[in-house]
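Residues per chain are reported as follows:
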Amino acid sequence: MARIGVIGTGSMGGMLIRKFVETGAFPAGDIVASNRSPEKVRAVAVATGIGIAASNLALVAASDVIFICVKPLEVKPLLKELRGALAADKLLVSIAADVAIHEISALCDARVARVIPSVTSECSKGVSLVTFGDNSTEMDRRLLLSALGRICRPVETEEENLEMLADLTSCAPAFISSIMHEFALSATRRENISPEFAELLVMETLVGTAELLKTVNSFEEVVTRVATKGGITEEGVKVIRKVVPSMYDELLEVTLAKHSLVKERIRNQAS
Ligand SMILES: NC(=O)c1ccc[n+]([C@@H]2O[C@H](COP(=O)([O-])OP(=O)(O)OC[C@H]3O[C@@H](n4cnc5c(N)ncnc54)[C@H](OP(=O)(O)O)[C@@H]3O)[C@@H](O)[C@H]2O)c1
């Protein structure tokens, strides 16, 4: 069994550990974690039964597969701290946005993969994007895809598309939730209903639509089933088709611009 190390037990690192243990992807006894502030890693260890490493270096020494779950600008400083320890017999899995495989490989000899998880793994749903470095092996591929397969649908992709695709998978829960929230609020501006009640109705409908999508497998099919020709829903769909494309074009423009900015800051960090 591979020994697993997780550096950074914040929102994503903590979730991965909990889900790996809960689904049996990796047994708690095979996982150790470390975190800059000790109370966070202690809480995860108490909740899941995993071990706590005395330091990041001790974690690397005790692990075959190391998940790096720190913020993008914290990756290079961390790799410098671990320089020499991340040898070719280790698989390093970075979940950080915007830090390219070649930038990671420049600072270590480990085999490298990148994963962009989604908060939807919390309920064992959604997509994690996965991309492998040239030095990774077939065994690495099988191990990572099989573990992720327990907590989501892993989708292997090219690194060059990662940011764009991450908007559709890892940012999307926030985009979908905020747009549904606005839908509910709009109803409260027209009628005397509480935001909580409007939100409940939209939320239940969203969950139902997601279930329905699993059976029909197409957004267009759901639209066709509800928006009958000449009916009321069709009028609403026309507004969405007029207004929303430019909203999403603008959304992708600003998120991709932000990615470029972060990437530039990472490039300029000392190696
Ligand atoms: N949130 C998402 O939905 C999402 C989705 C896809 C990918 N990601 C990626 O996941 C990564 C983590 O995001 P997050 O939302 O989980 O951030 P987060 O909640 O801030 O977690 C980062 C954790 O890393 C710890 N840390 C920082 N430097 C460290 C070091 N040198 N050694 C040990 N621990 C260290 C922090 O410790 P402290 O307790 O001291 O702060 C913190 O607990 C990011 O790179 C992000 O791009 C996030």
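Heads up: the structure comes first, above all this text.
Residues numbered from 1 in each chain as written. Predicted model: local features only at pLDDT ≥ 70, side-chain atom pairs only at ≥ 80, totals over all residues. Heavy atoms only, no water.

(A) Inspection of the sheet that holds strand β5 (residues 91-94) at higher detail. Read across the sheet, 8 strands follow the order β3-β2-β1-β4-β5-β6-β7-β8 without closing on themselves; strand pairing throughout is mixed. In this open sheet, the two edge strands, each paired with only one partner strand, are β3 (51-52) and β8 (153-156). The sheet contacts of helix α7 (residues 162-169) involve β6 (111-116) and β7 (127-132), and relative to β7 the element is tilted by about 165°. (Pairing = 2+ DSSP bridges. Helix = DSSP H or I, 4+ residues; strand = E, 2+ residues; numbered from the N terminus. Contact = heavy atoms within 4.5 Å. Axes fitted to C-alpha atoms, helices over the stretch in contact; angles between N-to-C directions.)

(B) Structural view of the environment of alanine 147. Structurally, the position occupied by alanine 147 is in helix α6 (residues 138-149). Alanine 147 gets classed as buried once you look at its relative accessible area, which sits at 3%. Once the C-alpha coordinates of alanine 147 and alanine 43 are considered, the two residues, 104 residues apart in sequence, prove to be 23 Å apart. Leave out the neighbours within four places in its chain, and alanine 147 touches Phe20, Ala25 and Phe26. (Buried < 20%, exposed > 50% of the residue type's maximum accessible area, 1.4 Å probe, protein only.)

(C) Geometry of the site of the ligand. Near the ligand, the surroundings consist of 23 residues, among which Met12, Asn35, Ser37, Lys40 and Val70 are the closest. A distance of 2.8 Å is found between an oxygen atom of the ligand and a side-chain nitrogen or oxygen belonging to lysine 40. Within the side chain of lysine 71, one N or O atom sits 3.4 Å away from an oxygen atom of the ligand. Coverage of the ligand by the protein amounts to 81% of the 900 Å² it exposes when considered alone. The site holding the ligand turns out to be the second largest pocket. Mapped by element, the contributors of at least two residues to the shell around the ligand are α1 (11-23) and α4 (72-81). For the shell around the ligand, the element with the most residues is α4, which contributes 3 residues. (Near = heavy atom within 4 Å. Polar contact = N/O pair within 3.5 Å; in protein donor to acceptor, adjacent residues only side chain to side chain. Areas by Shrake-Rupley, 256 points an atom, 1.4 Å probe, with all protein chains shown as cover. 1 Å grid on protein atoms, 1.4 Å probe; cavity = no way out; pocket = protein on both sides within 12 Å on 5 of 7 lines; lining within 4 Å. Sits in = over half its atoms within 2 Å of the grid points.)

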